[in-house]
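Observations on the model geometry
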Amino acid sequence: MYEACIGLEIHVELDTKTKAFCSCSVAFGSEPNTNVCPVCMGLPGALPVLNKKAVEYAVMLGLAMGCKINPRSQHARKNYFYPDLPKGYQISQDAVPICVKGFVDMGGGIRINRIHIEEDAGKLVHGGVETLIDYNRAGVPLLEIVTEPDMRSAEEAKAFLDYIKNTLLSLGISKCRMQEGNLRCDVNVSVRKKGEDRLNERCEIKNVNSFSGAVRSIEYEIKRQTELLCKGEAVLRETRKWDDEKRQSILLRKKEEENDYRYFPEPDLPPVEVDEAWLKEIKEKMPELFYEKALRFRKDYGLGDYEAKTIAENKDAAELLDDAVKEDADAGLCAKLILGDISRLVNEKGTRVPFSGHSLAELSGLLKRKEISYTAAGKILELMFESGEEPSVIARENNLLQQSDEDALIKVVMKVIEENEKSVSDYKKGKKNALGFLVGRCMRETGGSGNPHIINEMLTKILEVEE
Ligand SMILES: [Zn+2]
């Protein structure tokens, strides 16, 4: 039997205001070549200045992934020629990256080799017979996360990518929009006999632009390499390119054609220093991470594993829940509404939740006091998405409040008992489901607005007493 050893190199575009080494905007979708200046265009004599925010974000991610933060890291030039790289080199980090030796506790444990800061390249726009270049992206700050080959299956890799995305969103340091290229990854795959310690030659797969694409490319590569090994052939070290449409990888270059980037320390940038005081300051402002949030929802709110995890992974949902609970709402009821009708409406309408935790607290209060039914809550939510009106107002205006007035209800109950002698005697003979029929009759009498719990209680009490 064979097993796969999978490592990931994930590139994250940071959500800073300006680029990594100049003050140009990083805004996505601007007119081509408008967010550029002599520094990011690599004009002679222009000098880079490191974006402090990018360093802060790198340290935050490093801390979240259990890394050691190097007090002094160094930028380096990675030299290669490509039209989207105006300087002829990319400013990256090589020998001394800012974060090293992290660990993520999932599966059998995934070691993080390093996280470093670098700049993005421009973008080639292929159209018809010509290729145009947009340099707006040149110089946008990136973090590259490099893992050890500790994942054993495509599913594990996918789970890790989700973990990274949720961590980035919790920290608020990247928009994580795949369609805008905020998250990209290269995949390293090798296959070996189960039980072996040694790693075989690996293939690097480039150009993976979605998480589902990563899963497909890994599955494809494991199959390709396993087949070679079964036939007694060697797997050669290669760089391959993933074509998600054709669902296959194609050879880009072999080991002997690998680039030599001739890294050397960037002479225009001093080392990056993160001293104790700055590190402490960053630690103090680290937001709560999604898994910490899930733990708190379980412990403090008494939610189940699935509920806690699902809500914690969605920033809006988690905020809504926290805000509602701050107003003394029942956390379990709110969670049920969030994962039920609210999620459904968010998906259907393609919007964010248009009301506050205060409104959710009010709605859950109506439910808890049995002033409305679950069905009514769904209707009220639908109207809240449309009008933004408060739930109690909507309930009143649309006649969705349950009648709980006992004097009015007792009259209905007595009337139903008189008119349905057969069901009453059935119930007394032990046919307990006759009660459901009687409750239904009462509900019909009230036009659906009677509180079924109160009606149920009244019926039971009266029928038992008449015994
Ligand atoms: Zn610039």
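Computed from a predicted structure; not experimentally measured. (Residues numbered from 1 in each chain as written. Predicted model: local features only at pLDDT ≥ 70, side-chain atom pairs only at ≥ 80, totals over all residues.)

When helices and strands are counted, the protein chain shows 15 helices and 16 strands. Dimensions of the protein chain along its principal axes, counting C-alpha atoms only, are 95 × 55 × 55 Å. When burial is assessed residue by residue, the protein chain has 36% of its 467 residues classed as buried. Partitioning the contacts of the protein chain with sequence separation of at least 6, the portion at a separation of at least 24 is 68%. (Helix = DSSP H or I, 4+ residues; strand = E, 2+ residues; numbered from the N terminus. Buried ≥ 20, exposed ≤ 12 C-beta atoms within 10 Å, placed from the backbone. Contact = placed C-beta atoms within 7 Å.)

This next bit is on helix α12 (residues 406–419). Along an α-helix, residues three or four apart share an orientation, since each turn contains 3.6 residues. Given a rise of 1.5 Å per residue, 14 residues ought to cover 20 Å, and the 20 Å separating the end C-alpha atoms of α12 matches this to within 8%. For α12, every residue scored as buried is listed here: L409, V413, V416 and I417. All buried residues of α12 fall inside an arc of 100 degrees around its axis, so they share one side. Turned more than 90 degrees from where α12 packs its buried face, D407, A408, K411, M414, E418 and E419 sit exposed. Those residues of α12 hidden inside the fold are in contact with α13 (421–428), α14 (434–445) and α15 (452–465). (Expected span 1.5 Å × (residues − 1). Arc of directions from axis to C-beta.)

Here we come to the packing of helix α5 (residues 290–301) against helix α6 (residues 305–312). Following both chains from N to C, one finds α5 and α6 inclined at 140 degrees, their axes separated by 8 Å at the closest point. Compared by their axis directions, α5 and α6 come out oblique. Where α5 crosses over α6, the handedness of that crossing is right-handed. Counting all contacts with α5, which are made through F290, K293, A294, F297 and R298, the residues of α6 involved are D305, A308, K309, I311 and A312. When grouped by side-chain class, the residues that make up the contact of α5 with α6 number six nonpolar, no polar and four charged. (Axes fitted to C-alpha atoms, helices over the stretch in contact; angles between N-to-C directions. Parallel < 35°, antiparallel > 145°, perpendicular 65-115°, else oblique. Left-handed = near helix turned anticlockwise from the far one by under 90°. Nonpolar A, V, L, I, M, F, W, Y, C, P; charged D, E, K, R; others polar.)

The next point concerns the environment of F297. Inspection of the secondary structure assignment puts F297 in helix α5. Its 25 C-beta neighbours within 10 Å are what place F297 among the buried residues. Considering only alpha carbons, one finds F297 and I6, 291 residues apart in sequence, at a separation of 33 Å. Setting aside residues no more than four positions away along its own chain, F297 makes contact with L303, A308, I311 and A312.

For the rest of this paragraph, the subject is the sheet that holds strand β5 (residues 89–92). Here we have three strands laid out as an open sheet, ordered β5-β4-β15, and antiparallel in their pairing. Of all the strands in the sheet, just β5 and β15 (264–265) have a single pairing partner and so form its edges. (Pairing = 2+ DSSP bridges.)

Turning our eyes to something else, we now look at the domain arrangement of the protein chain. Parsing the protein chain into structural domains produces domain 1 (2–279), domain 2 (290–397) and domain 3 (406–465). Placing the centre of domain 1 and that of domain 3 at their C-alpha centroids yields a distance of 68 Å. (Domains from an automatic or database assignment.)

Let us look at unusual backbone geometry. Comment: phi is negative for the bulk of residues other than glycine, and the bulk of peptide bonds are trans. The backbone of K101 sits at a positive phi, close to 50 degrees, despite the residue not being glycine. Tracing the sequence through the fold places K101 in strand β6 (residues 99–104). Since 14 C-beta atoms lie within 10 Å of it, K101 is described here as partly exposed.

Let us look at the nonpolar core. In globular proteins that are soluble, nonpolar side chains generally tend to be buried together. By size, the foremost hydrophobic cluster in this structure holds 60 residues, and its most contacted members are A58, L61, I115, L143, A157 and V187. Of all elements in the fold, only β1 (2–13), α1 (52–64), β7 (110–119), β10 (141–147), α2 (154–171), β11 (183–193), β12 (203–208) and α3 (211–230) reach the threshold of two or more residues within this core. Top element by residues in this core is α1. It accounts for eight residues. Setting aside residues up to four positions removed in sequence, L61 forms contacts with I115, L143, L171 and I173. (Core = buried A, V, L, I, M, F, W, Y, C linked by C-beta atoms within 7 Å.)

A word on the sheet that holds β7. Pairing is mixed across the open sheet formed by nine strands, whose spatial order is β2-β6-β7-β10-β1-β11-β12-β13-β14. The sheet is open, and its two edges are formed by β2 (68–69) and β14 (248–254), each paired on a single side. Two strands pair when backbone bridges link them, and β1 and β11 are joined in this way by 11 bridges, in the antiparallel orientation. Looking across to β11, one finds that L8 is bridged to V187. Across the sheet, α2 lies against β1, β6, β7, β10 and β11, angled at about 25 degrees from β1, the strand it touches most. Across the sheet, α3 lies against β1, β11, β12, β13 (238–243) and β14, angled at about 25 degrees from β11, the strand it touches most.

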